[in-house]
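Secondary and tertiary structure notes
Letter by letter, the chains look like this.
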Amino acid sequence: MEALILLMIGVIAAPILLIIAHSSKKNSSQPEEEEEPGIRITVGHSTEPVLTCPRCGSPVMLRGGGWECGWCLDSGGLDTLPHTTKSKVLHARIICSVDLPETWAELKAELCKLVPKHADVLLSSLGRVVVHQLSISSPPEDGRVEPQHIRDLYVFLESEKDLGVGKAVAARIEQGEELFADEGALSEECFGSFWQSLLDALEDEGIIPWEADTEQFFHTLACFRSWRGGGPGADHAFLDNYYALLNSFHERWEARHPDETEDTSSERLEADQNAEKS
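One structure accompanies this document, and this report is about it.

What counts, and at which threshold
Residues numbered from 1 in each chain as written. Predicted model: local features only at pLDDT ≥ 70, side-chain atom pairs only at ≥ 80, totals over all residues. Heavy atoms only, no water. Helix = DSSP H or I, 4+ residues; strand = E, 2+ residues; numbered from the N terminus. Expected span 1.5 Å × (residues − 1). Buried < 20%, exposed > 50% of the residue type's maximum accessible area, 1.4 Å probe, protein only. Arc of directions from axis to C-beta. Contact = heavy atoms within 4.5 Å. Salt bridge = Lys/Arg side-chain N within 4 Å of Asp/Glu carboxyl O. Axes fitted to C-alpha atoms, helices over the stretch in contact; angles between N-to-C directions. Parallel < 35°, antiparallel > 145°, perpendicular 65-115°, else oblique. Left-handed = near helix turned anticlockwise from the far one by under 90°. Nonpolar A, V, L, I, M, F, W, Y, C, P; charged D, E, K, R; others polar. Phe/Tyr/Trp six-rings, centres within 6.5 Å; stacked < 30°, edge-to-face > 60°. Pairing = 2+ DSSP bridges.

Here's the deal with helix H7 (residues 193-204)
Over its 12 residues, H7 runs 16 Å from end to end, which matches the ideal 16 Å to within 8%, given 1.5 Å per residue. Within H7, the full set of buried residues consists of Phe194, Trp195, Leu198, Leu199, Ala201 and Leu202. One side of H7 carries all its buried residues, which in axial view fall inside an arc of 160 degrees. Of the surrounding secondary structure, the elements contacted by the buried residues of H7 are helix H2 (100-114), helix H3 (119-135), helix H6 (181-184), helix H8 (214-225) and helix H9 (238-256).

Below you can see the structure in the form of structure tokens.
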């Protein structure tokens, strides 16, 4: 059964790898273009010695004292294998990334929607909130941050002047230093000064957080938190981080306005009951 699954995977993947290899060869003489953000596929070559099937030449899997070929399903004892040979192997991998400038533009736009009267004032410290999230971003499960992600970080922090941070910040983030926690920290234990100012702005404009589009604002902010892990498409902790930010902010509002929270909960319950009856 395992061999059959491997065979099916091979049948699907082989044409894709051939197209990638042909495309790479065709474009090798052209100048390299800047890679677009998002999902990318890279191809490498390996000349490490591998055990190959005597029937079709594919790499084999060792099973106890024997071997199995996932391509042609042949098998046998180790003594039936030919001498170890060097084979050229194509490797394909999908790399996800966060488009930092685009995400920054979206976050500023969401803040303007959330508190239009106070957005200009809050924008002066929003950049440090973003840098804080970047600095506490967790690496992928294998601990390896893609070099392209590091390059994207340096370009973003040095080119986006309205972030209001110095050029040395990128190096400090790369080294794992946590930055601007006093302003940007948001959790059950910590509530930075930016978030206090945002609460004050919501109160002044008469806006209740769960009646506004705070979900989109915090979803966009959480993308910076998943920068090292490759963004929402690759970081398994993305949703947990997003809900942690959203819930921490709403809980702080509820703690300051318990009466409004109870009234809103009653209204929601009544609305749900009416919806069920209809």
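Things to note about unusual backbone geometry
Residues other than glycine seldom take positive phi values, yet Leu73 does so here, at roughly 70 degrees. Mapped onto the fold, Leu73 is located in the loop between strand S4 (66-69) and strand S5 (75-77). In the Ramachandran plot, Phe180 falls in the positive-phi region, its phi being about 55 degrees despite a non-glycine side chain. In this fold, Phe180 is placed in the loop between helix H5 (169-174) and H6. Look at Phe180 and you get partly exposed, because its relative accessible area is 29%.

Focus on the pattern of salt bridges
Counted by the stated rule, this structure contains seven salt bridges. Its salt-bridge partner being Asp162, residue Lys108 comes within 2.5 Å of it at the nearest N-O pair. Pair noted here: Lys108 is in helix H2 and Asp162 is in the loop between helix H4 (147-159) and H5, with a separation of 54 residues, a long-range link. Between Arg172 and Glu177 there is a salt bridge whose closest N-O contact spans 2.7 Å. Residue Arg172 is classed as partly exposed on the basis of its relative accessible area of 35%. One continuous salt-bridge network, built from bridges that share partners, spans Asp200, Glu203 and Arg256.

So, the packing of H3 against H4
Viewed as axis vectors pointing N to C, H3 and H4 meet at an angle of 165 degrees, and their least axial separation amounts to 13 Å. The angle between H3 and H4 places the two elements in the roughly antiparallel class. Judged by the twist between their axes, the crossing of H3 over H4 is left-handed. In this structure, H3 contributes Val130, Val131 and Leu134 to the contact, and H4 contributes Leu153, Phe156 and Leu157. Class assignment of the residues belonging to the contact of H3 with H4 gives a composition of six nonpolar, no polar and no charged.

Here we look at the packing of aromatic side chains
By the definition in use, this model includes nine aromatic pairs. Pairing Phe191 with Phe249 gives two aromatic rings, centres 6.3 Å apart and planes at 20 degrees, and the pair type is stacked. With a gap of 58 residues between them, Phe191 in the loop between H6 and H7 and Phe249 in helix H9 connect regions that are remote in the sequence. On the basis of relative accessible area, Phe249 is assigned to the buried category, the value being 0%.

Thoughts on the environment of Phe180
Each C-alpha atom of the pair Phe180 and His132 lies 5.4 Å from the other, and the pair is 48 residues apart in sequence. Phe180 has contacts with Arg128, Val131, His132, Val165 and Ala185, leaving out every residue within four places of it along the chain.

A closer look at the environment of Ala109
Within the fold, Ala109 resides in helix H2. Separated by 10 residues in the primary sequence, Ala109 and Ala119 place their C-alpha atoms 9.2 Å from one another.

Things to note about the sheet that holds S5
Read from one edge to the other, the open sheet built from three strands follows the order S3-S4-S5, with strand pairing classed as antiparallel. Looking at strand neighbours, the two that pair on one side only are strand S3 (60-63) and S5, the edges of this open sheet. Across the sheet, the mean angle separating the axes of adjacent strands is 25 degrees when strand polarity is ignored. Of the strand pairs in this sheet, S3 and S4 are connected by four bridges, and their pairing is antiparallel. Across the sheet, residue Arg63 finds its bridge partner in S4, namely Gly66.

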